[in-house]
Amino acid sequence: GAGVSQSPRYKVAKRGQDVALRCDPISGHVSLFWYQQALGQGPEFLTYFQNEAQLDKSGLPSDRFFAERPEGSVSTLKIQRTQQEDSAVYLCASSLRESHTDTQYFGPGTRLTVL
Amino acid sequence: AQSVTQLDSQVPVFEEAPVELRCNYSSSVSVYLFWYVQYPNQGLQLLLKYLSGSTLVKGINGFEAEFNKSQTSFHLRKPSVHISDTAEYFCAVSAPSNTGKLIFGQGTTLQVKP
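A short tour of the structure in this document, coming up.

Cut-offs applied
- Residues numbered from 1 in each chain as written.
- Chains lettered and ligands numbered in written order.
- Predicted model: local features only at pLDDT ≥ 70, side-chain atom pairs only at ≥ 80, totals over all residues.
- Heavy atoms only, no water.
- Contact = heavy atoms within 4.5 Å.
- Buried area = accessible area lost by both parts, 1.4 Å probe.
- Salt bridge = Lys/Arg side-chain N within 4 Å of Asp/Glu carboxyl O.
- Polar contact = N/O pair within 3.5 Å; in protein donor to acceptor, adjacent residues only side chain to side chain.
- Helix = DSSP H or I, 4+ residues; strand = E, 2+ residues; numbered from the N terminus.
- 1 Å grid on protein atoms, 1.4 Å probe; cavity = no way out; pocket = protein on both sides within 12 Å on 5 of 7 lines; lining within 4 Å.
- Points joined across faces, edges and corners; volume = space filled by probe spheres on them.
- Nonpolar A, V, L, I, M, F, W, Y, C, P; charged D, E, K, R; others polar.
- Disulfide = S-S within 2.5 Å.
- Buried < 20%, exposed > 50% of the residue type's maximum accessible area, 1.4 Å probe, protein only.

## Side note on the interface of chain B and chain A
Facing 22 residues of chain B, the contacting portion of chain A comprises 22 residues. Both sides together, the interface formed by chain B and chain A hides about 1700 Å², and carbon and sulfur atoms give 54% of it. By the criterion of area lost to chain A, the three top residues of chain B are Leu 44, Thr 99 and Lys 101 of chain B, representing 29% of everything that side buries. Counting across the chain B and chain A interface gives one salt bridge. The salt bridge involving Asp 56 of chain A is made with Lys 101 of chain B; its shortest N-O contact spans 3.9 Å. For the pair chain B and chain A, the interface holds seven residue pairs in polar contact (both at pLDDT 80 or more). If you list the elements that add at least two residues to the side of chain B that touches chain A, you get β5 (32–38), β6 (44–50) and β10 (87–94) of chain B.

Here it is as structure tokens:
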């Protein structure tokens, strides 16, 4: 079956622009995570959704970052007034249930470059 | 809070040789432990995970890892590597007290040479 998909795969933005990154999780998956992966680093947690509820946003680096999952399926990560330090790969992952032990399935990521 | 340290940023090894990728973690509570692999231009893929029970965990592609609570380690091993194992490997932890979010190490690049 289809895995987690993300779009666009690559995004170039000028500093100060707003961007929106999309994640399509595996159909029926309850949990959805966003991670940020800087060059040469491991992924870092940004936020977590259980269905449409955003239960943890402790990893969002600033109030310029906003995520939503209004119908409990597709999710969008929005970054306002992008800065150069926002350049990274943004990864989305989904898991079947809300269990801590469920496998998270990752998408290929969106590589954001802020000029 | 939890943290993960992967002791080697790069591990070069010849094909058919054994390999060990090291991972240590820090946590004041019990954790779940994971190894993920990232091939070029692909998403992270789960290799194996330790939740409870037997400390030796077997995963896909011939990899295995051993949980050592006293040394707070979860090293990944393979007895004989292939060229196709060349990739980035990430160790991660998750605590039952949080939302299931993964805390990753910085990664180890495994370079398998012919």
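## Things to note about the layout of surface pockets
Considering only enclosed or pocket space, the largest pocket measures out at about 650 Å³ in volume. What lines the largest pocket is a set of 31 residues, among which Gln 37, Val 89 and Arg 111 of chain A together with Gln 38 and Asn 41 of chain B lie closest to the centre. Mapped by element, the contributors of at least two residues to the lining of the largest pocket are β9 (88–95) and β11 (110–114) of chain A together with β10 and β12 (108–113) of chain B. Examining the composition of the lining of the largest pocket, we find that four residues originate from one element, β11 of chain A, more than from any other. Of the residues belonging to the lining of the largest pocket, the class tally is 13 nonpolar, 15 polar and three charged. Considered as a void within the structure, the second largest pocket measures approximately 240 Å³ in volume. What lines the second largest pocket is a set of 15 residues, among which Gly 42, Pro 43, Glu 44 and Phe 45 of chain A together with Phe 104 of chain B lie closest to the centre.

## Considering the state of the cysteines
Disulfide: a covalent bond connecting the sulfur atoms of a pair of cysteines. With the rule as written, the count across this model stands at two disulfides over all chains. Across the disulfide from Cys 23 of chain A sits Cys 92 of chain A; the S-S distance is 1.8 Å. When the S-S torsion is -65°, as for the bridge of Cys 23 of chain A with Cys 92 of chain A, the disulfide is left-handed. Here Cys 92 of chain A lies in strand β9 and Cys 23 of chain A lies in strand β3 (residues 19–24), a separation of 69 residues in the sequence. On the accessibility criterion, Cys 23 of chain A (0% relative accessible area) is buried. The disulfide partner of Cys 23 of chain B is Cys 91 of chain B, and the gap between their sulfur atoms is 2.0 Å. Torsion about the S-S bond of the Cys 23 of chain B and Cys 91 of chain B cystine: about -65°, corresponding to left-handed handedness.

## Here we look at the pattern of salt bridges
Per the stated rule, a full pass over the model turns up ten salt bridges over all chains. For Glu 68 of chain A, the salt bridge is made with Lys 78 of chain A, and the minimal N-O distance between the two is 3.4 Å. On the criterion of sequence distance, the pair formed by Glu 68 of chain A in strand β7 (residues 65–68) and Lys 78 of chain A in strand β8 (residues 75–79) is long-range, its members being ten residues apart. Glu 68 of chain A sits in the partly exposed class, given a relative accessible area of 27%. Between Lys 78 of chain B and Asp 85 of chain B there is a salt bridge, with the nearest N and O atoms lying 2.8 Å from each other. Each member of the pair Lys 78 of chain B and Asp 85 of chain B is classed as buried.

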